[in-house]
Amino acid sequence: MTKEKGEFTYEFFSSQINEQILKYTQTKNLLKTALKNKEFIYHFQPYVDSKSLKIAGAETFLRIKHNNKIIYPNNFIDNAENSGFIKTIEKQMFPKFLEYLQQINIPLSFNISGKSLTDEEHIKNLFKKIRNLPINIELTEREIAGDIEYTKKIFNYFKNKKFKLSIDDFGTGYSSFSYLKDLPADYLKIDISFVRNIENSKKDYAIVETIIDFAHKFDLKTIAEGVENINQLKLLQNAECDYIQGFYFYKPMPFNEFKSLL
């Protein structure tokens, strides 16, 4: 408690706030160290054709390998975006992504941060020399639905480079079908929150069926995330989902392990 000009003011410090500040500072320092020492790495999770069950492509996931320990995005990605490090990370890691892409013969998905998406100059600098490569740009529904006119501009930029475009986490953001008619997307990724419950929830299964039917009418392919068992697989096959991704087939893995599968 402090006293100023005859009035009392109270200052309260909660242990929770202190812990949050400490965690933020530690994560920021981790990001600085990872950039300096080039500790960012990629892991790859294949997805398969729902009919042949053959690998059709893979999603790329960012990790940090620090002191021989793998650190996952949920521990640093929000901090990276809010602190502005994410663009520097993308600049550092995109050449590595291209290096991996040139060693295989299937498409790879590259996730772009929402913070990066709003910076047109950053996007164009990152991709300016790249054309006609089997790159699938992934953007979440939340990131694209805010400013449709700008999003259309960015989507057309990528389409001119002959990239494919995926809308990730579909159904969990703005949940609006209307904007899709104006966007040259190629894939809708059905969010894991729907797939997880399709065995036990008629409503979730109905949502998945609706998304798949809608996508096909718009000439879009669908990818179901988070498939963990054969019952989920069969239901998705019955609903005519195009591609399947999840631990039932493959977990995210280092590049050498991924390459050996191919």
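Here, the structure is the one placed above.
Described in the following lines is the structure provided in the data block. What you see as residue numbers is a count from 1 along each chain, following the sequence as written. The model is predicted, so local features are restricted to residues of pLDDT at least 70 and side-chain atom pairs to those at 80 or more, both for listing and for counting; the totals for chains, interfaces and linings are taken over all residues. Excluded from the side-chain calculations are hydrogens and water; all other atoms, namely the structure's heavy atoms, are used.

**As for unusual backbone geometry**
Turning to step 1, where the next piece is worked out: Residue N68 is not a glycine yet carries a positive backbone phi of 65 degrees.
Turning to step 2, where the next piece is worked out: Relative to the helices and strands, N68 resides in the loop between β4 (55–66) and β5 (69–71).
Turning to step 3, where the next piece is worked out: Accessible area is worked out with a 1.4 Å probe on protein chains only. A residue is then buried under 20% of its type maximum, exposed over 50%, and partly exposed in between. Judged by its relative accessible area of 74%, N68 is exposed.
Turning to step 4, where the next piece is worked out: A positive phi is found at E240, a non-glycine position, where the angle reads about 65 degrees.
Turning to step 5, where the next piece is worked out: Mapping E240 onto the fold places it in the loop between α10 (230–238) and β11 (243–245). Starting at the N terminus, helices and strands are each numbered in turn, a helix being any DSSP run of H or I of at least four residues and a strand any DSSP run of E of at least two.

**Some remarks on the packing of helix α5 (residues 120–127) against helix α7 (residues 148–160)**
Turning to step 1, where the next piece is worked out: Where helices are involved, their axes are fitted lines through C-alpha atoms of the stretch in contact, as for all axes, and angles between N-to-C directions lie from 0 to 180°. In the contact formed by α5 and α7, the axes pass within 12 Å of each other and the chain directions differ by 5 degrees. Judged by the angle between their axes, α5 and α7 are roughly parallel. When α5 is examined against α7, the residues E120, I123, K124 and F127 are found in contact with a partner set consisting of Y150, K153, I154, Y157 and F158. Roughly parallel means an angle under 35 degrees; roughly antiparallel, over 145; roughly perpendicular, 65 to 115; everything else is oblique. Contacts were defined at the residue level, with two residues in contact if any of their heavy atoms lie within 4.5 Å.

**Re the pattern of salt bridges**
Turning to step 1, where the next piece is worked out: Throughout this description, the term salt bridge denotes a Lys or Arg side-chain nitrogen within 4 Å of a carboxyl oxygen of Asp or Glu. Following the criterion strictly, the structure yields 11 salt bridges and no others.
Turning to step 2, where the next piece is worked out: K189 serves as the salt-bridge partner of E225, at 3.4 Å between the closest nitrogen and oxygen. Residue E225 is located in the loop between β10 (221–224) and α10, and its partner K189 is located in strand β9 (residues 187–190); the two are separated by 36 residues in the primary sequence.
Turning to step 3, where the next piece is worked out: Here K189 falls in the buried class, since its relative accessible area comes to 1%.

**Focus on the environment of E121**
Turning to step 1, where the next piece is worked out: Checked against the element boundaries, E121 lands in helix α5.
Turning to step 2, where the next piece is worked out: You can call E121 exposed: its relative accessible area is 58%.
Turning to step 3, where the next piece is worked out: As a C-alpha pair, E121 and P252 span 131 residues in sequence and 31 Å in three-dimensional space.

**Regarding the side chain of D242**
Turning to step 1, where the next piece is worked out: Position of D242 relative to the elements: it lies in the loop between α10 and β11.
Turning to step 2, where the next piece is worked out: Charge assignment: positive for Lys and Arg, negative for Asp and Glu; neither His nor the chain ends contribute. For the buried D242, no salt bridge exists, and the shortest N-O distance to an oppositely charged side chain is 4.1 Å, to K221.
Turning to step 3, where the next piece is worked out: Here the side chain of D242 touches T222 through a polar contact of 2.8 Å, landing on its backbone nitrogen.
Turning to step 4, where the next piece is worked out: Discounting chain neighbours no more than four positions away, the residues touching D242 are V48, D49, S50, H216, L220, K221 and T222. Polar contacts, as counted here, are pairs of nitrogen or oxygen atoms within 3.5 Å of one another; within protein the pair requires one atom able to donate a hydrogen and one able to accept it, and residues that are adjacent in sequence qualify only if both atoms are side-chain atoms.

**Observations regarding the packing of aromatic side chains**
Turning to step 1, where the next piece is worked out: Only the six-membered ring of Trp is used, alongside the rings of Phe and Tyr, when aromatic pairs are assigned; centres must lie within 6.5 Å, and planes under 30 degrees apart are stacked while those over 60 apart are edge-to-face, with the rest tilted. This structure, assessed with the given rule, holds 21 aromatic pairs.
Turning to step 2, where the next piece is worked out: An angle of 15 degrees between the planes, with centres 5.4 Å apart, marks the rings of F44 and F258 as stacked. On the criterion of sequence distance, the pair formed by F44 in strand β3 (residues 40–49) and F258 in helix α11 (residues 255–261) is long-range, its members being 214 residues apart. Here the two residues F44 and F258 agree in accessibility, since each one is buried.
Turning to step 3, where the next piece is worked out: Relative to F249, the ring of Y248 lies with its centre 5.0 Å away and its plane at 85 degrees, an arrangement referred to as edge-to-face.
Turning to step 4, where the next piece is worked out: By way of ring pairs, the aromatic residues Y42, F44, F94, F97, Y100, F110, F127, Y157, F158, F163, F255 and F258 are connected into one cluster.

**As for the pairing of β9**
Turning to step 1, where the next piece is worked out: Across the two faces of β9 the burial is the same, with Y187 and K189 and L188 and I190 all buried.
Turning to step 2, where the next piece is worked out: Think of it this way: DSSP has to see at least two bridges between two strands before they count as a pair. Of the strand pairs in this sheet, strand β8 (residues 164–170) and β9 are connected by 3 bridges, and their pairing is parallel. Paired with F170 across the strands is I190, a residue of β9.
Turning to step 3, where the next piece is worked out: Pairing between β9 and β10: 4 bridges, direction parallel. Paired with Y187 across the strands is K221, a residue of β10.

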